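Topology and contacts: notes
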Amino acid sequence: MSSAKSHETIQSVLSENRVFDPTADFVARARLDAAKLDALHAAAAKDPVGFWADLAKKELAWQTPFTEALDESNAPNYRWFADGKTNVSVNCLDRHLATRGDKIAIRFEGEKGDTRHYTYKQLYAEVCKLANGLKSLGIRAGDRVVIYMPMVPEAVIAMQACARIGAVHSVVFGGFSATSLKDRIEDAGARLVITADGGHRGGNIVELKKAVDDALAAGAKTIEKVVMLKRTGHEVPFIEGRDLWWHELMAQQADRCDPAWVEAEHPLFLLYTSGSTGKPKGIQHSSAGYLLGATLTCQWVFDLRDDDVFWCTADVGWITGHSYVAYGPLSNGATILMYEGAPTVPDAGRFWKLCQDHGVTIFYTAPTAIRALMKLGDSFPAQYDLSKLRLLGSVGEPINPEAWMWYHRVIGKEKLPIVDTWWQTETGSIMIAPVPGAVPTKPGSCTKPLPGIFADVVDESGEPVKEANAGGYLVIRKPWPSMLRTIWGDNERYIKTYWAQFGNKYYVAGDSAHRDADGYFWIMGRVDDVLNVSGHRLGTMEVESALVAHPRVAEAAVVGRPHEVKGEAVFAFVICKGARPTGAEAEQLAKELRDHVAKQIGAIAKPDDIRFADNLPKTRSGKIMRRLLRSIARGEAITQDTSTLENPAIVDQLAGKA
Ligand code: PRX
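Not measured: the values here are computed from a predicted model. (Residues numbered from 1 in each chain as written. Predicted model: local features only at pLDDT ≥ 70, side-chain atom pairs only at ≥ 80, totals over all residues. Heavy atoms only, no water.)

1. As for the overall build of the chain
This is how it is decided: Runs of H or I in DSSP of at least four residues are treated as helices and runs of E of at least two as strands, each being numbered from the N terminus. Radius of gyration: over C-alpha atoms. The globule rule applied is 2.2 Å multiplied by the number of residues raised to the 0.38 power. Each residue is placed in one exposure class: buried if its accessible area under a 1.4 Å probe, protein chains only, is under 20% of its type's maximum, exposed if it is over 50%, and partly exposed if it falls in between. Methods summary: accessible areas were calculated by the Shrake-Rupley approach with a probe of 1.4 Å, and residue burial reflects only the protein chains presented.
Along the chain, the regular secondary structure elements total 21 helices and 30 strands. The C-alpha radius of gyration of the chain comes to 24 Å, within 12% of the 26 Å expected for a compact globule of 658 residues. Per-residue burial over the chain gives 62% buried out of 658 residues. Accessible surface, the chain: about 24,300 Å² in total, of which carbon and sulfur atoms supply 50%.

Encoded structure:
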């Protein structure tokens, strides 16, 4: 089983045997205790489809109730609640107005310390105004709208406004380049972009509008209009006839907008993510099934209640920001915090200061952030009052036990449950995670599948791996409501990527995992050519394509190597056209290539290491020996048989020895 994790990490995970029970206080107030959780599991085991149908009736507001819960006639293109009609924004806003209209929905703080908030009534009015604004621009149900914004409340308003009129949003993370933006707009066939003049991050301005202009100059011809929020106020080009200011569009609109009642399966959004080929795929999510997953997991995993302040630090450009910023908490009528900037501005205490100042009770972040803040020391969290916190969460990559223990000790004061949540862009909502009042935790394990989620670990032939601690493929045996519906414009790729490996019987996650003797799941990493850099998915082929697009590069191979903070770092082996650069020329070209990759994809894809060689290690049939490159990148001893290589002498040069 190939795995992205280093041998040492696997060893430290395998020898991990500490168990932490939730405190009696937590259990006493928890929404779900062990008995209630057992009852949910039993109900799901007895009648998996009926289980979801009952919850969909109870948790969501329907305009037309559904009569059939699951349509399997076209499996693995499953359809849930298909003849029902609903609207996601009604579920997130309208249904709270009577009981929670004056409750704060969004608390916001910018990097410079500016704050504002929106009550449910105010958020509803803003969403309605923008929805009317979008309609006035001719946007209709089913049209695609690309959102390319900083982490400000208007990003959520834009998503909710699309949902209100049935437009399909595709949020592109503001750290992606103009080229990535253009590719996504073109693949989605979007008619409109919603952006901002810029955003604040790390003391700098993120030039969002410039990237939009560059993307539209290079292609993306389907775009008719660009709506631009004034956020930074710095001078940006304004193209008459195409560009509109957000505030001018909003000023003319009524603050009531009848929702579009859409079918349950109506696409709510596309979100692009990396796979093992060069082209990112547009993961298509439904309306009702998706929202059901996001809503329930907030209750089950985050124990979300009316008096909580929930802070998920993820950007809305990622699935975590969709499900646990924009949709799940609002569907539950909760208060969320949004923060625009970097975690270390002005210093490494910023996250903890935000928790203190906003009274955050539930804090959900990524291991990479935990590791980065852990490195900067215990003195920062010690300066702030974190006593309101009652639950901590982690997502995006395996959390190493050391980081888990620091989180537990320094932030959780050895009392707070930590929910390590395994899921993916494709799964829509959390799949494997502890229910905090019911399931004891182990550092580094995401524990057990949630009710209704039939996760398993299988071998090459699809048989369950029974032996404890033996690795295999992580699969989900039955469909679940928040699953992806297809890959936008490429259903064949959907079937091939997620289902074909085991005859369309199970959803194949692309991760390797094992279970311990208690049935706890331990995720070991990706089995495909996908890296996880700071919790962000990155296809090695995407980076390779970006590199070979540079005029000096003839060939490139990209692998991951372990990185203390990022989890994995990008390591690129590059073959140049002409002579192999050395010395100062090599340094200069490496810098140029890093910037080139940032321009092609985004800063997250910049290789940490670039090594120039005369050739790649290829077998006689021309296949690149990636395992060998991975060993070299990790500085491991070469144990692979290199005698099958066309050019065995190249190994020393690749290893930097010649
Ligand atoms: O490899 C797994 C890892 O992140 C991948 C999904 O990435 P993405 O679609 O970007 O979604 C990230 C946020 C949900 C998975 O295939 N991953 C995510 N969460 C965990 C994880 N690996 C281990 N433990 C986790 N808790």
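2. Observations concerning the site of the ligand
In plain terms, the rule: A cutoff of 4 Å decides nearness: a residue is near a molecule or strand if any of its heavy atoms lies inside that distance of it. Polar contact is defined as a pair of N or O atoms within 3.5 Å, subject to the rule that within protein one atom must be able to donate a hydrogen and the other to accept it, and that residues adjacent in sequence are counted only when both atoms are side-chain atoms. Under the convention adopted here, Pro, Cys and the residues Ala, Val, Leu, Ile, Met, Phe, Trp and Tyr are nonpolar, Asp, Glu, Lys and Arg are charged, and Gly plus all remaining residues are polar.
Not every one of the 17 residues close to the ligand is listed here, only the nearest: Asp420, Thr421, Thr425, Asp511 and Arg537. A distance of 3.4 Å separates a nitrogen atom of the ligand from a polar atom in the backbone of glutamate 397. In the complex, 96% of the free accessible area of the ligand, which totals 540 Å², lies under the protein chains. Looking at the shell around the ligand, the elements that each hand over two or more residues are helix 12 (319–331), strand 20 (418–421) and strand 25 (521–526). Of the residues assigned to the shell around the ligand, the class counts are 6 nonpolar, 6 polar and 5 charged.

3. A few points about the sheet that holds strand 5 (residues 115–119)
In plain terms, the rule: Only when DSSP finds a minimum of two bridges between them are two strands counted as paired. Axis definition: a line fitted to C-alpha atoms, limited for helices to the stretch in contact. Angles are taken between N-to-C directions and run from 0 to 180 degrees.
Taken in spatial order, the 7 strands of this open sheet run 5-4-17-16-18-19-20, and their pairing is mixed. The strands lining the two open edges of the sheet, one partner per strand, are strand 5 and strand 20. When the angles between neighbouring strand axes are averaged without regard to direction, this sheet yields 20°. Summarising the sheet, strand 18 (residues 362–365) and strand 19 (residues 391–395) pair through 4 bridges and their orientation is parallel.

4. Some remarks on the packing of aromatic side chains
Rules: When the centres of two rings from Phe, Tyr and Trp lie within 6.5 Å, Trp using its six-membered ring, the rings pair. Their planes under 30 degrees apart give stacked, over 60 give edge-to-face, and anything left gives tilted.
All chains considered together, the criterion is met by 36 aromatic pairs. Note on tryptophan 62 and phenylalanine 66: the rings are 5.0 Å apart at their centroids and 65° apart in plane angle, and the pair reads as edge-to-face. One exposure class covers both tryptophan 62 and phenylalanine 66, and it is buried. Between phenylalanine 66 and phenylalanine 81 the ring centres are 4.8 Å apart and the planes differ by 45°, which places this aromatic pair in the tilted class. With phenylalanine 66 in the loop between helix 4 (48–59) and strand 1 (70–71) and phenylalanine 81 in the loop between strand 2 (79–80) and strand 3 (85–86), this pair connects stretches of sequence that are 15 residues apart.

5. Points about the sheet that holds strand 25
Strand order across the open sheet formed by 4 strands is 21-22-24-25, with antiparallel pairing between neighbours. Each edge of the open sheet carries a strand with a single partner, namely strand 21 (455–458) and strand 25. Direction aside, the axes of adjacent strands within the sheet are offset by 45° on average. As paired strands, strand 21 and strand 22 (residues 472–476) are joined by 4 bridges and run antiparallel to one another. If you follow aspartate 456 over to strand 22, its bridge partner there is valine 475.

6. Points about helix 7 (residues 153–165)
Which entries qualify depends on this criterion: What a helix should span is 1.5 Å times the count of its residues minus one.
With 13 residues, helix 7 ought to run about 18 Å at 1.5 Å a step, and its terminal C-alpha atoms sit 19 Å apart, in line with that. Along helix 7, 13 of the 13 residues are buried, which leaves the element largely enclosed by surrounding structure.

7. Examining the confidence of the model for the chain
Applied cut-off: pLDDT runs from 0 to 100 and stands for how confident the predictor is about each residue. The criterion used for residue contact is that any of the two residues' heavy atoms lie within 4.5 Å.
On average, residues of the chain carry a pLDDT of 95, and 98% of them reach 70 or more. Under a pLDDT of 50 for its full length, residues 1–8 has, in the predicted model, 22 contacts with residues more than four places off or in other chains. Two numbers describe this predicted complex: its pTM, 0.95, and its ipTM, 0.99.

8. Things to note about the pattern of salt bridges
Put simply, the rule is: The term salt bridge refers to a side-chain nitrogen of Lys or Arg lying within 4 Å of a carboxyl oxygen of Asp or Glu.
Evaluated as defined, the whole model comprises 48 salt bridges. The shortest N-O distance in the salt bridge between arginine 29 and aspartate 307 comes to 3.9 Å. Here arginine 29, found in helix 2 (residues 24–29), pairs with aspartate 307, found in the loop between helix 11 (288–300) and strand 16 (309–312); they are 278 residues apart in sequence, far enough to count as distant. When its relative accessible area of 53% is taken as the criterion, arginine 29 is described as exposed. Here aspartate 614 ties to arginine 580 by a salt bridge, and the two come within 3.6 Å at their closest N and O atoms. Placement of the pair is aspartate 614 in the loop between strand 30 (609–613) and helix 20 (626–633) and arginine 580 in the loop between strand 29 (567–576) and helix 19 (583–600), with a sequence separation of 34 residues.

9. Concerning the nonpolar core
One recurring pattern in soluble globular proteins: nonpolar side chains tend to sit buried together. Put simply, the rule reads: Buried Ala, Val, Leu, Ile, Met, Phe, Trp, Tyr and Cys residues form a nonpolar core when they are joined through side-chain atoms within 4.5 Å.
Counting 169 residues, the largest nonpolar core has Trp52, Phe81, Ile194, Trp246, Trp300 and Tyr327 as its most contacted members. At 9 residues, the largest contribution of residues to this core is made by helix 7. Ignoring sequence-local partners within four residues, the contact set of tryptophan 246 consists of Leu130, Met149, Glu154, Ile157, Ala158, Ile194, Val227, Met228 and Leu229. One finds Tyr339, Ala348, Trp406 and Ile411 within the second-largest nonpolar core, a separate group that totals 26 residues.

10. Thoughts on the UniProt feature "binding site: Mg(2+)" (unreviewed entry) in the chain
What counts is decided by this rule: UniProt positions are given in the numbering used here, feature names are shortened, and annotations may be inferred rather than shown by experiment.
Look at the UniProt record and you will see "binding site: Mg(2+)" (unreviewed entry) annotated at Val548, His550 and Val553. Position of valine 548 relative to the elements: it lies in helix 18 (residues 540–548). The class of valine 548 is partly exposed, set by a relative accessible area of 37%. Leave out the neighbours within four places in its chain, and valine 548 touches Val553, Ala554, Glu555 and Ala556.

11. Regarding the side chain of histidine 96
Mapped onto the elements, histidine 96 comes out in helix 5 (residues 88–100). We classify histidine 96 as buried; its relative accessible area is 3%. Apart from the residues within four sequence positions on either side, histidine 96 is in contact with Asn91, Gly101, Tyr120, Leu330, Ser331, Asn332 and Gly333.

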